[in-house]
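Given next are the chains, with one letter for each unit.
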Protein chains: 2
Amino acid sequence: MARTAGPETHHTRILEEFRQKIVDRIWGPGFQLDKETDLATQYGVSRMTMNKVLTQLAQEGFVVRRKRSGTFVSKARTQAAVMPINNLADEVEALGKTYRWQLFAAEIRVPQAAELRLLGVESPPIPDEVIVLGGMHYADDEPFCLETRAINVDVVPNARDVDFATQVPGHWLLQSMPWSTARNAIRAVNVAGSEARNLDLPVGAACLEILRKTVMGSDWVTYARLLYPGEAFQLTAEFKTKVTPKALAPQS
Amino acid sequence: MARTAGPETHHTRILEEFRQKIVDRIWGPGFQLDKETDLATQYGVSRMTMNKVLTQLAQEGFVVRRKRSGTFVSKARTQAAVMPINNLADEVEALGKTYRWQLFAAEIRVPQAAELRLLGVESPPIPDEVIVLGGMHYADDEPFCLETRAINVDVVPNARDVDFATQVPGHWLLQSMPWSTARNAIRAVNVAGSEARNLDLPVGAACLEILRKTVMGSDWVTYARLLYPGEAFQLTAEFKTKVTPKALAPQS
DNA sequence: GTCGCCAATATGTATACTCAAAATGTAAAT
DNA sequence: ATTTACATTTTGAGTATACATATTGGCGAC
């Protein structure tokens, strides 16, 4: 589990030492570090090197730096979870199961109001032509995730020519449009009707619903709704304590 | 919504320009940037400044740097969601509602097997003395979150003297033990029995269940189970596309 | 032609030195 | 007594320079 023995350079060594001191509360919240010139001489490095260490620590949120005032260990406030949302095929195959994607329908047309509501579309500028599609992700032929999606053809014109029966929409979009931004909302819902039938669940079963809006620049690329059987699926996230951008004031 | 107009320094300006170029795919995945000495002269800065920019970009995962080879725009693979999990009081008050915490019971004793199962405790080393507590978070006197928790007294000895009727456990722990690490699992479940009654929900209603294990060094600090009324509550997360640590190879 | 060694090259790390910006405490002025 | 002005201190940003390190492409030996 040991990290791949990073390069033993001055600044990485000092960085790790400082982080450890803070995590172990040897330097507790509010503690004021010596000024960077002093620290530099104490550790036998130049100010630039010590500056690199402290700047990095500040970026990671461990310390707050204020001109004329000094460098302080920050107080933890918020917790930020880094949650990897991989593509489903990888995730399913990591469990040793076979993955399969089944397209139900895909059409280029004006989306209906009900569909927009389902997908959580709030901003009115809806283009005339949108790919509306639905399908199911299977793991060993068991329903794993029900997907409903709208794709903005204006932003991704070559989506027109893609056969989403063979290409998994999410995966294709990720490959096709790297560096986009997304906003997720996660809820628990009771399934009913055709959704319950498709997922092979009793009516009223709890499901995890992820509404994802993907944005590229100023335009939306896709709205997706992913519905997972509740008990069978779970999202996991590892995280460290972090500070809120505000409330950084050192001990007064 | 505009970011608080950051300092207009050389390296931040260039950094933003490069990020934009990559996000807008002017520099697509696999694109090789000019070498840093050339870029430095092109942008009229010293190599150290350009180095700072490129190092930062590499840390953010936008580019991969290889000695002798050059700097390449990396290919997006995974998406990482950064999900802030604030303390509930702040969250509730952000909605303009009044927050209230109601303790049901808190005891120091050996936890029961059923409780450990509920909390998702898997690793056997259970200390003899554990604080087992349960309570409810209210927003405007409506049930908002049902909490069940175990606290490791060996790791947090002063938790003995805390009155968890007035102190919210999660908040107190966060203040008391900053820089801990946690692992979250998020599921959807159907509520039943006393849980449904306490949350004022019909039996079978979908709820969001968060199992959180908090670790400090090598010991566990607390296991918590947070149950949110499904339809009423949702987690949201903003995120950008990121690269996997592996699979960074430039276009061959 | 193939294999292995070597040198050229791009990044990585570090130093020493400037000047700028911001915050704080002190002293002067109203 | 309160405000204003100023000097000091600490971080922030940038430059010029040097040497280390890894990798790649070419050259030579076989």
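Our structure's up above, just so we're on the same page.
Just so it is clear, the structure is predicted and the values come from calculations on it, not from any experiment.

Draft legend 1. Structural context of the overall build of chain A. Across its full length, chain A holds seven helices and 10 strands. Long-range contacts, defined here as pairs at least 24 residues apart, represent 61% of the contacts in chain A between residues at least 6 apart. Accessible area for chain A stands at about 13000 Å²; split by element, carbon and sulfur atoms hold 52% of it.

Draft legend 2. A look at the side chain of serine 176 of chain A. Topologically, serine 176 of chain A is positioned in helix H6 (residues 169-176). For serine 176 of chain A, the contacting residues outside a window of four places in its chain are Val156 and Asn158 of chain A together with Arg25 of chain B.

Draft legend 3. Highlighting the protein's contact with DNA strand C. Close to DNA strand C lie 22 residues; His10, His11 and Thr49 of chain A together with Arg47 and Arg65 of chain B are nearest. Taking all atoms of DNA strand C within 4 Å of the protein, the share assigned to sugar and phosphate is 66%. Between threonine 49 of chain A and DNA strand C, the recorded distance is 2.4 Å, taken from a side-chain N or O atom to a phosphate oxygen. Looking at the surface near DNA strand C, the elements that each hand over two or more residues are helix H1 (10-23) and helix H3 (47-59) of chain A together with helix H3 (47-60), strand E1 (63-66) and strand E2 (70-73) of chain B. The class makeup of the residues in the surface near DNA strand C is three nonpolar, eight polar and 11 charged.

Draft legend 4. Seen up close, the relation of the copies chain B and chain A. Once chain B is rotated about the relating axis by 179° and shifted along it by 0.0 Å, it coincides with chain A to within an RMSD of 0.5 Å. The transformation just described matches what one would write down for a two-fold rotation axis. Looking at the interface residues of chain B, 100% of them are also at the interface in chain A, so both copies use one shared face.

Draft legend 5. Region of the structure containing helix H1 (residues 10-23) of chain B. Helix length check: H1 of chain B (14 residues) gives 20 Å between terminal C-alpha atoms against 20 Å at 1.5 Å per residue, within 8%. Here H1 of chain B has its buried residues at Thr12, Ile14, Leu15, Phe18, Lys21, Ile22 and Val23 of chain B. For H1 of chain B, the elements touching its buried residues are strand E8 (206-216) of chain A together with helix H2 (36-42), H3, E1 and E2 of chain B. Positive backbone phi, at 65°, marks arginine 25 of chain B, one or two positions downstream of H1 of chain B.

Draft legend 6. The packing of H1 of chain A against H3 of chain A, seen in detail. Residue and element names in this part refer to chain A. Close contact between H1 and H3 brings their axes to 9 Å; oriented N to C, the two are set at 45°. Relative to H3, H1 is oriented oblique. Considering the relative orientation of H1 and H3, their crossing is right-handed. Taking contact as the criterion, the partners of His10, His11, Ile14, Leu15, Phe18 and Arg19 in H1 are, on H3, Thr49, Met50, Lys52, Val53, Leu54, Gln56 and Leu57. Residue classes in the contact of H1 with H3 are distributed as seven nonpolar, four polar and two charged.

Parameters at a glance
- Residues numbered from 1 in each chain as written.
- Chains lettered and ligands numbered in written order.
- Predicted model: local features only at pLDDT ≥ 70, side-chain atom pairs only at ≥ 80, totals over all residues.
- Heavy atoms only, no water.
- Helix = DSSP H or I, 4+ residues; strand = E, 2+ residues; numbered from the N terminus.
- Contact = heavy atoms within 4.5 Å.
- Areas by Shrake-Rupley, 256 points an atom, 1.4 Å probe, with all protein chains shown as cover.
- Near = heavy atom within 4 Å.
- Polar contact = N/O pair within 3.5 Å; in protein donor to acceptor, adjacent residues only side chain to side chain.
- Nonpolar A, V, L, I, M, F, W, Y, C, P; charged D, E, K, R; others polar.
- Least-squares fit on C-alpha atoms with pLDDT ≥ 70 in both.
- Expected span 1.5 Å × (residues − 1).
- Buried < 20%, exposed > 50% of the residue type's maximum accessible area, 1.4 Å probe, protein only.
- Axes fitted to C-alpha atoms, helices over the stretch in contact; angles between N-to-C directions.
- Parallel < 35°, antiparallel > 145°, perpendicular 65-115°, else oblique.
- Left-handed = near helix turned anticlockwise from the far one by under 90°.

None of the figures reported here should be taken as evidence of function without further support.
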